[in-house]
Amino acid sequence: QKLVERLKATSQFYKKKLGDKVGAADIKSLDDLKRLPFTEKGDLRDNYPFGMFTVPLEDVVRIHASSGTTGKPTVGGYTRADVELWTEVMARTVSSAGVTKKDVVHNAYGHGLFTGGMGFHVGADRVGATVIPISGGLTRRQVMLIEDFGATVITCTPSYALVIAEEAMEMGVDIKKRWKLRAGIFGAEPWTEKMRRELENKLNLEAFDIYGLTEVIGPGVAVECSEHNGMHINEDHFLAEIIDPDTGERLPYGSEGELVFTTITKEAMPVIRYRTRDRTILHNEPCKCGRTNVRMEKIMGRTDDMLIVRGVNVFPQLIEKTLLSIEDIEPHYQIVIDRPKDQLDTLEVWVEASPKLFQPIDTRRLDELQKRVAHELAQTLGVSAEVKLMGPKSIQRSEGKARRVVDKREL
Ligand code: AMP
Ligand code: ZN
C-alpha cells in the first residue's frame, strides 16, 4: 500500500502506468498484487537513464548498471537507505554460507558498474570478514593470493571459479593441501548441479548459488542455505511471483514460469511486478534450516533470447544491429557460444562480408574489416567476440526462422 501510494506521488512513470485503475486502497492482501501492472525491461530502456528514479538525483548516492538490449545500459540507482538495505541483504547472503568475522573473503566478482563486486564487498564487510577486493582477471595472481592471504571464502561467477581452479592445477598447486577455501558463493550466470560437484571437488569447498539482478538491487535477492534445496528469497524486501510468460497469469507455488519481483522497501528505484524473464519454480514448504521465506529453484532458462557470456548479458539483437551498421557486412550471421573445459566462455560471430571483397579476394580489406567488426562488437557488447568473416553464401540460409544462435554450453 505504501509503495503504491508513494509511487503515485513521486513517479511520473508509475503515475501513468497505474493510472486511476488501482490505488493503495485496492491492495488489501498479497493476492491483490495481481491487480498491479507489470514493469518490463523496455520500460527501463524507455526511461533511460534516470527516468525510473523516484527521488531527486541529489539523494541518489550510487549508480550501478548492467548491459541493456540496445547498447545503453540498464541502470540501478541507490539512496543512502538503499545502500544500507543492500548491505543488510548481502550480509544475510554471506551469512547463509556461514561467513563471519573470522573469514577471509576473496571477492573476484567484477568491481565497477557491475553490482557483483560492490554487493559482496559491503555484505562481507558488514559481518566483519577480511575482504580482498581483487575483482576479476590476472588469474595467476589470484591463485597466488588465495594461498598467501589464506582465503577461506571465494566469491565469483561459477565459470571464473573453474578457470581459477584450472590455472592453479596448471601451476602445480596442491589445492587440497595448501588452500583453506571452505565456501564459494557463485552466481550471476546459469550453472548446473554437475558444475557444482566439479567446483566442490576441484576447489575443496561447499558451493552456494546466489541470484540477483540490477533492476531489483543486484546480488542479495536470493541465496541458498546449507540445505542446498533452492535459494531463499529476501521476501521482506522483494516479493516474488511466478507467472505464465504468455498469459501473464499468476501461477501457484510449485509451477514453472517466469519470475516477477516487487521491491517494497527500495527508495531510489522501486519496481512493481518486474518481469525478470528468468524461468524457475517457487517453493513455500518449510526448510530444515529454519528460514521461513520462499525458495526459488536454480534458474532454468530465459523467456527471452538474452545470453550470458562470461557473466555479461548479451542480446543477439544488439549483435545484429551492430553488424548491420558496418559497411561491407551482409545480413547473414551466426553467433556461436561454447565453454571449453575449465575455460571461460567463447563467443564467436560468423558473418558474411560483401561479395566484392572476394572477387578477387582482397585480404588487406578483409583483415581491416575483421578488426573493425571485432572492435565495434567489443565496444557495444562489453565482452569480446572472435569474428570470422565468411565468403558469400557460406552461412546456411534458412527457410523459416533463422537459427542465429548456436549455444553449445551445458548450462
Ligand atoms: P545483472 O543485472 O547483469 O546482474 O544480470 C542479472 C541476470 O543474471 C538475471 O536476470 C539472471 O538471468 C542472471 N543470473 C543472476 N544470478 C543467476 C544465477 N544464480 N543463476 C542463473 N542466472 C543468474
Ligand atoms: Zn533453508
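A quick note: this is a predicted structure, and the numbers were derived from the prediction, not measured. (Residues numbered from 1 in each chain as written. Chains lettered and ligands numbered in written order. Predicted model: local features only at pLDDT ≥ 70, side-chain atom pairs only at ≥ 80, totals over all residues. Heavy atoms only, no water.)

(A) A look at the site of ligand 1. Not every one of the 19 residues close to ligand 1 is listed here, only the nearest: Ser 66, Asp 209, Ile 210, Thr 214 and Asp 278. Between an oxygen atom of ligand 1 and a side-chain N or O atom of Thr 214, the distance comes to 2.6 Å. When ligand 1 sits alone it has 500 Å² of accessible area, and the protein chains cover 95% of it. When residues of the shell around ligand 1 are assigned to their parent elements, the largest contribution, 5 residues, is made by strand E7 (residues 206–213). Grouping the amino acids of the shell around ligand 1 by side-chain chemistry returns 9 nonpolar, 5 polar and 5 charged. (Near = heavy atom within 4 Å. Polar contact = N/O pair within 3.5 Å; in protein donor to acceptor, adjacent residues only side chain to side chain. Areas by Shrake-Rupley, 256 points an atom, 1.4 Å probe, with all protein chains shown as cover. Helix = DSSP H or I, 4+ residues; strand = E, 2+ residues; numbered from the N terminus. Nonpolar A, V, L, I, M, F, W, Y, C, P; charged D, E, K, R; others polar.)

(B) Local environment of the packing of helix H4 (residues 80–96) against helix H5 (residues 115–126). Taken N-terminus to C-terminus, the directions of H4 and H5 make an angle of 75°; their axes are 7 Å apart at the nearest point. In terms of orientation, H4 lies roughly perpendicular with respect to H5. Here H4 contributes Glu 84, Trp 86, Thr 87, Met 90, Ala 91 and Val 94 to the contact with H5, which in turn contributes Thr 115, Met 118, Gly 119, Phe 120, Val 122, Gly 123, Ala 124 and Arg 126. Of the residues that constitute the contact of H4 with H5, the class distribution is 8 nonpolar, 4 polar and 2 charged. (Axes fitted to C-alpha atoms, helices over the stretch in contact; angles between N-to-C directions. Parallel < 35°, antiparallel > 145°, perpendicular 65-115°, else oblique. Contact = heavy atoms within 4.5 Å.)

(C) The packing of aromatic side chains, seen in detail. For the structure shown, the criterion picks out 6 aromatic pairs. Judged by centre distance (4.8 Å) and plane angle (10°), the ring pair of Tyr 109 and Phe 120 falls under stacked. Within this pair, whereas Tyr 109 is found in the loop between strand E3 (104–107) and H5, its partner Phe 120 is found in helix H5, the two being separated by 11 residues in sequence. For Tyr 109, a relative accessible area of 3% translates into the label buried. Ring geometry for Phe 186 against Trp 191: centres 5.9 Å apart, planes inclined by 85°, an arrangement best described as edge-to-face. Exposure remark for Trp 191: the relative accessible area of 4% places this residue in the buried category. Positioned over the ring face of Phe 38 is Arg 275, at 5.5 Å from the centre of the ring. Between Lys 298 and the ring centre of Trp 191, over which it is positioned, the NZ or CZ distance is 3.7 Å. (Phe/Tyr/Trp six-rings, centres within 6.5 Å; stacked < 30°, edge-to-face > 60°. Buried < 20%, exposed > 50% of the residue type's maximum accessible area, 1.4 Å probe, protein only. Lys NZ or Arg CZ within 6 Å of the ring centre and 35° of its normal.)

(D) Structural detail: the coordination of the zinc ion (ligand 2). Taken together, Cys 225 (SG), His 232 (NE2), Cys 287 (SG) and Cys 289 (SG) make up the protein donors of the zinc ion (ligand 2), found 2.1 to 2.3 Å from the metal. Each of the 4 donor atoms bound to the zinc ion (ligand 2) contributes to angles spanning 104 to 113°, and the resulting shape is tetrahedral. Summarised as a motif, the one-chain spacing of the donors to the zinc ion (ligand 2) is C-x6-H-x54-C-x1-C. A residue is classified by how much of its surface remains accessible, and Cys 287, at 8% relative accessible area, is buried. (Donors = N, O, S within 2.8 Å, 3.2 Å for Na, K, Ca; no water. Tetrahedral: all angles 85-135°; square planar, octahedral: opposite > 155°, others 65-115°.)

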